[in-house]
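Descriptive analysis of the structure
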Amino acid sequence: MTWKGTPPETARTSSREGPGFELGLPMRVLGRDTSGRDFEERTVLETMSHAEAAFELRSPTAQGTDLKLVVSLPRKLSDAGDLNLVIRGRVVSLTSAGQGRSGQRVSLKLESRYVIKATAEDGAI
């Protein structure tokens, strides 16, 4: 696994939930935008702890919105093929994505349940 930014042994501390790790893993986010339309967006999982995840999102969303994350796990984890971590959560905070970038930085409180699934040949979960 290639770590982006801070090495894994240097945990970032969230003010709410404790340590988290910078990951830089590709993922898809599925949910409903602020106008009630379903969306699916590719982005990068920036940080994750046992209870919270953070990432940037171009699709407009609101605090309290439920989202589904499909995180592509590194190939090293399985000889059988590509694996995805599928987990749901609720948006707990939104901030501006940063200077010169569109969208917003999303913090998601994760459910305690998750699934690890093999990716089908067509990329479906």
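1. Details of the overall build of the protein chain
A tally of helices and strands in the protein chain yields zero helices and seven strands. Counting every position in the protein chain, which comprises 125 residues, the buried fraction comes to 38%. Counted over contacts in the protein chain with a minimum sequence separation of 6, partners at least 24 positions apart contribute 51%. For the protein chain, the accessible area works out to roughly 7700 Å², and carbon and sulfur atoms hold 48% of it.

2. Describing the pairing of strand E7 (residues 104-118)
Bridging between strand E4 (residues 52-57) and E7 involves six bridges; their strand directions are antiparallel. Counted as the bridge partner of Ala54 is Ser107 from E7. Relative to E7, strand E6 (residues 83-96) runs antiparallel, the two being bridged by 12 bridges. By the bridge assignment, Gly89 is partnered in E7 with Leu110.

3. Some details on the pattern of salt bridges
Under the definition given, this model contains six salt bridges. Taking the shortest distance from any N to any O, the salt bridge between Arg58 and Glu41 comes out at 3.8 Å. Of this pair, Arg58 sits in the loop between E4 and strand E5 (66-72) while Glu41 sits in strand E3 (residues 38-48), and the two are 17 residues apart along the sequence. Owing to a relative accessible area of 56%, Arg58 belongs among the exposed residues under this scheme. Of the residues examined, Glu41 reaches a relative accessible area of 4% and is grouped as buried.

4. With respect to the environment of Ile116
With respect to the element layout, Ile116 can be found in strand E7. Note on Ile116: relative accessible area 48%, which makes it partly exposed. Linking Ile116 and Asn84, residues 32 residues apart in sequence, is a C-alpha distance of 5.5 Å. Setting aside anything within four residues of it in sequence, one finds Ile116 in contact with Leu73, Leu83, Asn84 and Leu85.

5. Observations concerning the environment of Pro74
Structurally, the position occupied by Pro74 is in the loop between E5 and E6. For Pro74, a relative accessible area of 17% corresponds to the buried category. It is 8.9 Å that separates the C-alpha atoms of Pro74 and Asn84, two residues lying 10 residues apart in sequence.

About the thresholds
Residues numbered from 1 in each chain as written. Predicted model: local features only at pLDDT ≥ 70, side-chain atom pairs only at ≥ 80, totals over all residues. Heavy atoms only, no water. Helix = DSSP H or I, 4+ residues; strand = E, 2+ residues; numbered from the N terminus. Buried < 20%, exposed > 50% of the residue type's maximum accessible area, 1.4 Å probe, protein only. Contact = heavy atoms within 4.5 Å. Areas by Shrake-Rupley, 256 points an atom, 1.4 Å probe, with all protein chains shown as cover. Pairing = 2+ DSSP bridges. Salt bridge = Lys/Arg side-chain N within 4 Å of Asp/Glu carboxyl O.

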